[in-house]
Amino acid sequence: AAFLSASVYTFVDQELSAAELERTFIAIKPDGVQRGLISDIIARFEKKGYKLVAIKLVHPTKDFAEKHYDDLKGRPFFNGLTDFLSSGPVVAMVWEGQGVIKYGRKFIGATAPLASEPGTIRGDFAISVGRNIIHGSDGPETAKDEIALWFKPEEILTYKKETDKWLYE
Ligand code: ADP
């Protein structure tokens with residue numbers, strides 16, 4: 001126990017820079033889960049050097065899906081979109097690291113998969129705009145709101161990784 005508490009304190013003592021603490025909300029939508037793409041998507045963020053600070057498998061209710069896509073209320077596809085998001089398990093995650101919000105969007109690709117570059121998640125795996133595999137926050141404000149909607153503060157962990165020193169100067 002003495003050893004454990006000593007190492008916990010070491011982690012807590014290391015200061016994280018503001019850049020390292022940038023966070024985004026990423027969700028693998030029901031189509032991505034059904035198509036077996038969880039590991040591939042997580043691997044891309046992980047190999048880049050981003051840090052997973054929260055993750056859970058959730059089946060959102062229709063009501064929750066409507067809250068998540070609140071800004072799209074009134075659009076013709078809103079009902080279909082929220083039916084789809086609440087149709088099965090979703091992998092909800094928070095990823096952390098320098099530039100993770102913008103870079104996460106680059107990883108994801110354009111909203112319409114056929115307009116997404118090959119190499120992006122939507123470019124590589126999807127065809128229809130309504131079955132585009134993944135969601136990612138589009139800016140700092142959205143990221144903050146979406147993280148707060150999907151996660152309780154205690155579900156988000158702050159921790160140091162040994163590899164951080166090989167990623168950041
Ligand atoms: P993004 O997910 O790329 O941030 P938006 O926030 O504009 O895109 O839209 C949210 C989601 O709504 C999209 O990922 C897509 O699944 C769906 N969507 C957007 N536009 C359309 C459309 N014209 N028809 C059907 N679904 C759409």
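These figures come from a predicted structure and were not determined experimentally.

Before going further, it helps to spend a moment on the nonpolar core. In this structure, Ile 41, Phe 45, Trp 95, Ile 121, Ile 133 and Ile 134 are the most contacted members of the largest nonpolar core, which totals 21 residues. For this core, the secondary structure elements donating two or more residues are strand 1 (23-28), helix 3 (38-48), strand 3 (90-96), helix 6 (100-108) and helix 7 (121-125). If you tally residues by element for this core, the top one is helix 6, at four residues.

This part is about the packing of helix 3 against helix 6. It is the contact of helix 3 with helix 6, at a shortest axis distance of 11 Å, that shows an interaxial angle of 135 degrees. As the angle between them shows, helix 3 and helix 6 are arranged oblique. In the crossing of helix 3 with helix 6, the sense of the turn from one axis to the other is right-handed. Residues Arg 44, Phe 45 and Lys 48 of helix 3 form the contact with helix 6, whose participating residues are Tyr 103, Gly 104 and Phe 107. Residues of the contact of helix 3 with helix 6, tallied by class, amount to three nonpolar, one polar and two charged.

With that settled, the discussion passes to the pattern of salt bridges. Inspection of the entire model under this criterion finds 10 salt bridges. Between Glu 155 and Lys 56 there is a salt bridge, with its nearest N and O atoms 3.0 Å apart. Here Glu 155, found in the loop between helix 8 (140-150) and helix 9 (164-167), pairs with Lys 56, found in strand 2 (residues 51-58); they are 99 residues apart in sequence, far enough to count as distant. Exposure remark for Lys 56: the relative accessible area of 24% places this residue in the partly exposed category. Note that Asp 70 and Lys 73 form a salt bridge whose closest N and O atoms lie 3.5 Å from each other. Residue classification places Asp 70 among the partly exposed positions, given a relative accessible area of 45%. By relative accessible area, which is 54% here, Lys 73 ends up exposed.

The subject of this paragraph is the pairing of strand 1. Strand 1 sits mainly inside the fold: five of its six residues count as buried. Pairing of strand 1 with strand 3, which is carried by six bridges, proceeds in the antiparallel orientation. Bridged to Ile 28 within strand 3 is Val 91. Here strand 1 pairs with strand 4 (residues 134-136) via three bridges, running antiparallel. When the sheet's bridge partners are listed, Ile 26 is paired in strand 4 with Gly 136.

Residues annotated by UniProt as "binding site: ATP" (unreviewed entry) correspond here to Lys 29, Phe 77, Arg 105, Thr 111, Arg 122 and Asn 132. Its location among the elements puts Phe 77 in the loop between helix 4 (62-68) and helix 5 (78-85). For Phe 77, a relative accessible area of 40% translates into the label partly exposed. Tracing the backbone through its elements, the reader meets Thr 111 in the loop between helix 6 and helix 7. Every residue in contact with Thr 111, bar those within four places of it in the chain, is listed here: Arg 122, Val 129 and Asn 132.

Conventions we followed
- Here the residue index of a chain counts from 1 through its sequence in written order.
- With pLDDT at 70 or above as the cut-off, local features in this predicted model cover only qualifying residues; side-chain atom pairs require 80 or more to be listed or tallied, and sums for whole chains, interfaces and linings still use all residues.
- Each side-chain value is worked out from all heavy atoms of the structure, with water and hydrogens disregarded.
- Nonpolar cores are built from buried Ala, Val, Leu, Ile, Met, Phe, Trp, Tyr and Cys residues. Side-chain atoms within 4.5 Å join them into one set.
- Partly exposed residues are those whose accessible area sits between 20% and 50% of the maximum for their type, while under 20% is buried and over 50% is exposed, using a 1.4 Å probe and protein chains only.
- Strands are runs of DSSP state E lasting at least two residues, helices are runs of H or I lasting at least four, and both sets are numbered from the N terminus onward.
- Throughout, an axis means a line fitted to C-alpha atoms (over the contacting stretch in the case of helices), and angles, computed between N-to-C directions, take values from 0 to 180 degrees.
- Here the word oblique covers every angle except those under 35 degrees (roughly parallel), over 145 (roughly antiparallel) and from 65 to 115 (roughly perpendicular).
- Two helices crossing with the near one rotated counterclockwise from the far one by less than a right angle form a left-handed crossing, whereas a clockwise rotation gives a right-handed crossing.
- Contact between two residues is taken to exist if any of their heavy atoms lie within 4.5 Å; hydrogens are not considered.
- Under the scheme applied, nonpolar residues are Ala, Val, Leu, Ile, Met, Phe, Trp, Tyr, Cys and Pro; charged residues are Asp, Glu, Lys and Arg; polar residues are all the others, including Gly.
- In what follows, salt bridge is the name for a side-chain nitrogen of Lys or Arg lying within 4 Å of a carboxyl oxygen of Asp or Glu.
- At least two bridges found by DSSP between two strands is the condition for calling them paired.
- UniProt positions are given in the numbering used here, feature names are shortened, and annotations may be inferred rather than shown by experiment.

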